[in-house]
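If you want the building blocks of each chain, they are given just below.
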Amino acid sequence: MANTPQNDISAIQNYAGTYAPKIITQIVNGLDLAKDLTVRRNLNAPVNLPKYSATDGFRPIDTSIEEPDGQSGAFGIRKLTPRVGMKILKIVPEDLRGTYLSDILDPNAKELPANFAQYFWDAQIKKLSAEINNNSYFGVDSNDILAYNAGTAYNVGDRFLFTDKSFYQVVTATSAGQTPVTNAAKFKKINNSSVAKGLGTIIAEEYAGLPSRNKITTGALDATNAFDKVTSFYMSLPEEIRPVGGTVYCSQSTYDKYSLHALSKFTNGIQDLKIPGKVGASIFGSDGNWMLKPCTWMSGSGRLIGTLEGNLVMGTNQTSDFNSIGNIVPFLHGYRAIMKMVLAFQIADLEVLFVNDQA
């Protein structure tokens, strides 16, 4: 049985003509998650993120009273649980035979041609970082996904582990017995969003149980209302929280709508909303204490996440794992390589997490 080539060479398999020496690699996002969140390194086992809260107890003096009114405080725990993700690569230099890259391809070559290898690895590393960055917010824990059941009629959004050891999400409601093999258009492969539970998923699970003061109604944001609604979101934060300062995280799309609405309101420009050295815009009325920050990892979300510095946590063993190659296993025509890394997300303190009513 013929092996499947590891690189689609259809665009360069016609050897006629000349090629520029530089190969343009795909432009992708980097691992912006690690820049925007508080990164906890050396995460190899579950770590508890403890919080201690003192309770009320101040009262008028009464010398007959010698005991506190109830407990003095309480501990809370949020757990950061590591999950391991991987990307496997198969390197077969002979796949490039018959292309312009074969000019220096030795018949016994073990590695890709030198004038392609640097681009190959650069592209793979960048793509892996972007794949994690762009799929983690709505990510789910693979341990929470059940195996496929042929007797189940799946609804849109349902996930399962199929017999090919890949994870799938339903995009069109199914009848019992329909599979990614028999009805491929009804399913989407979601391996890259099934490694660790993302912040968006955590917030969705915690939303119902959040106190009412932590849930701020905005409705949908668009280019005609986003500035007003972000300002209202900030003004709805508890009065004791607003002077502390923090960040309201949003998707790039939401930020663009905010900027367009601000521009329509302030026809002389919106430069006064910018603070040198900071990404995003200073939220009106906050005196620069609160920033609206666009995040590539929130793509597709209408959520506003307002919180204090250090509250949104990303866990990993070491960030260098995201751009390094692990075990290399040779075989007759080349070798296999694997890239593995630890990944986890958590919100350290729900008390200072403020979100709107959009997913």
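Our subject is the structure listed above.
Residues numbered from 1 in each chain as written. Predicted model: local features only at pLDDT ≥ 70, side-chain atom pairs only at ≥ 80, totals over all residues. Heavy atoms only, no water.

In this structure, the largest pocket occupies an estimated 610 Å³ of space. If you go around the largest pocket, you meet 25 residues; those closest to its centre are Gly-85, Met-86, Asn-191, Asn-192 and Val-195. Listed by contribution, the elements that provide at least two residues to the lining of the largest pocket are β4 (83–91), α2 (114–135) and β15 (334–347). The residue inventory of the lining of the largest pocket, partitioned by class, reads eleven nonpolar, ten polar and four charged. (1 Å grid on protein atoms, 1.4 Å probe; cavity = no way out; pocket = protein on both sides within 12 Å on 5 of 7 lines; lining within 4 Å. Points joined across faces, edges and corners; volume = space filled by probe spheres on them. Helix = DSSP H or I, 4+ residues; strand = E, 2+ residues; numbered from the N terminus. Nonpolar A, V, L, I, M, F, W, Y, C, P; charged D, E, K, R; others polar.)

Turning our attention to unusual backbone geometry. Located in the positive-phi region is Asn-42, a residue other than glycine, with phi close to 60°. One can find Asn-42 in the loop between β1 (38–40) and β2 (47–54). Unusually for a residue other than glycine, Asp-287 sits at a positive phi of about 55°. The residue Asp-287 is located in the loop between β10 (281–282) and β11 (290–295) in this model.

Structurally, the position occupied by Val-355 is in strand β16 (residues 353–356). The sequence separation of Val-355 and Ser-142 amounts to 213 residues, and the corresponding C-alpha distance is 26 Å.

For the rest of this paragraph, the subject is the environment of Leu-292. On the secondary structure map, Leu-292 appears in strand β11. On a C-alpha basis, the gap between Leu-292 and Gln-358 in space is 16 Å, while along the polypeptide they are 66 residues apart. In this structure, Leu-292 is in contact with Val-230, Val-248, Cys-250, Tyr-255, Tyr-258, Val-279, Gly-280, Ala-281, Ile-283 and Leu-304, ignoring residues within four places of it in sequence. (Contact = heavy atoms within 4.5 Å.)

Taken as a whole and judged by the stated rule, the model has twelve salt bridges. In this structure, Lys-51 and Glu-351 form a salt bridge, with 2.3 Å as the shortest nitrogen-oxygen distance. You can see Lys-51 sitting in strand β2 and its partner Glu-351 sitting in the loop between β15 and β16, a full 300 residues away along the chain. By relative accessible area, Glu-351 is classed as partly exposed at 41%. When the shortest N-O distance is used, the salt bridge between Asp-144 and Lys-197 registers 3.9 Å. Here Asp-144 is found in the loop between α2 and β5 (159–161), whereas its partner Lys-197 is found in the loop between β7 (187–189) and α3 (199–206), with 53 residues between them in sequence. In this structure Asp-144 comes out as exposed when scored by relative accessible area, which is 51%. (Salt bridge = Lys/Arg side-chain N within 4 Å of Asp/Glu carboxyl O. Buried < 20%, exposed > 50% of the residue type's maximum accessible area, 1.4 Å probe, protein only.)

Checked against the element boundaries, Phe-167 lands in strand β6 (residues 167–170). In the structure, Phe-167 is positioned 23 residues away from Ile-190 in sequence and 5.5 Å away in space, judged by C-alpha atoms. Once residues within four sequence positions are removed from consideration, Phe-167 is found in contact with Ser-142, Ile-145, Phe-160, Leu-161, Lys-188, Lys-189, Ile-190, Asn-191 and Ser-194.

For the rest of this paragraph, the subject is α2. Taking 1.5 Å of rise per residue, 22 residues should cover 32 Å, and α2 covers 32 Å from first to last C-alpha, within 8% of that figure. Buried within α2 we find Phe-116, Ala-117, Tyr-119, Phe-120, Trp-121, Gln-124, Leu-128, Ser-129, Ala-130, Ile-132 and Asn-133. On the buried face of α2, the contacting elements are α1 (33–36), β4 and β15. (Expected span 1.5 Å × (residues − 1).)

When you tally the buried positions in β11, you get six out of six residues, the bulk of the element. Going residue by residue along β11, you find Trp-290, Leu-292 and Pro-294 tucked away on one face and Met-291, Lys-293 and Cys-295 tucked away on the opposite face as well. Alignment of strand β9 (residues 246–251) against β11, held across six bridges, turns out to be parallel. Each bridged residue has a counterpart across the sheet, and for Thr-247 the counterpart in β11 is Met-291. (Pairing = 2+ DSSP bridges.)

On to the sheet that holds β7, then. Across a sheet, strands are paired by hydrogen bonds formed along the backbone, either parallel or antiparallel in direction. Sheet architecture is open: three strands sit in the order β5-β6-β7, paired in antiparallel fashion. On the outer flanks of this sheet lie β5 and β7, each paired with one strand and no other. Looking at each pair of strands side by side, their axes are set apart by 30° on average, direction ignored. With three bridges connecting them, β5 and β6 associate as antiparallel partners. From the neighbouring strand, Arg-159 faces β6, where its bridge partner is Gln-169. (Axes fitted to C-alpha atoms, helices over the stretch in contact; angles between N-to-C directions.)

Turning our eyes to something else, we now look at the packing of helix α4 (residues 226–235) against helix α5 (residues 252–265). Where α4 meets α5, the axes come as close as 7 Å, and the angle between the chain directions of the two elements is 105°. Regarding the angle of α4 to α5, the classification is roughly perpendicular. Across from Ala-226, Phe-227, Asp-228 and Val-230 in α4, the residues of α5 making contact are Lys-257, Tyr-258, His-261, Ala-262 and Lys-265. For the contact of α4 with α5, the class distribution of residues is five nonpolar, one polar and three charged. (Parallel < 35°, antiparallel > 145°, perpendicular 65-115°, else oblique.)

It is worth spelling out α4 at this point. Taken together, the buried positions of α4 are occupied by Ala-226, Phe-227, Val-230, Thr-231, Phe-233 and Tyr-234. Burial along α4 is one-sided: seen end-on, the buried residues are contained in an arc of 155°. Buried residues along α4 sit against β8 (215–216), β9, α5, β11, β12 (305–307) and β16. (Arc of directions from axis to C-beta.)

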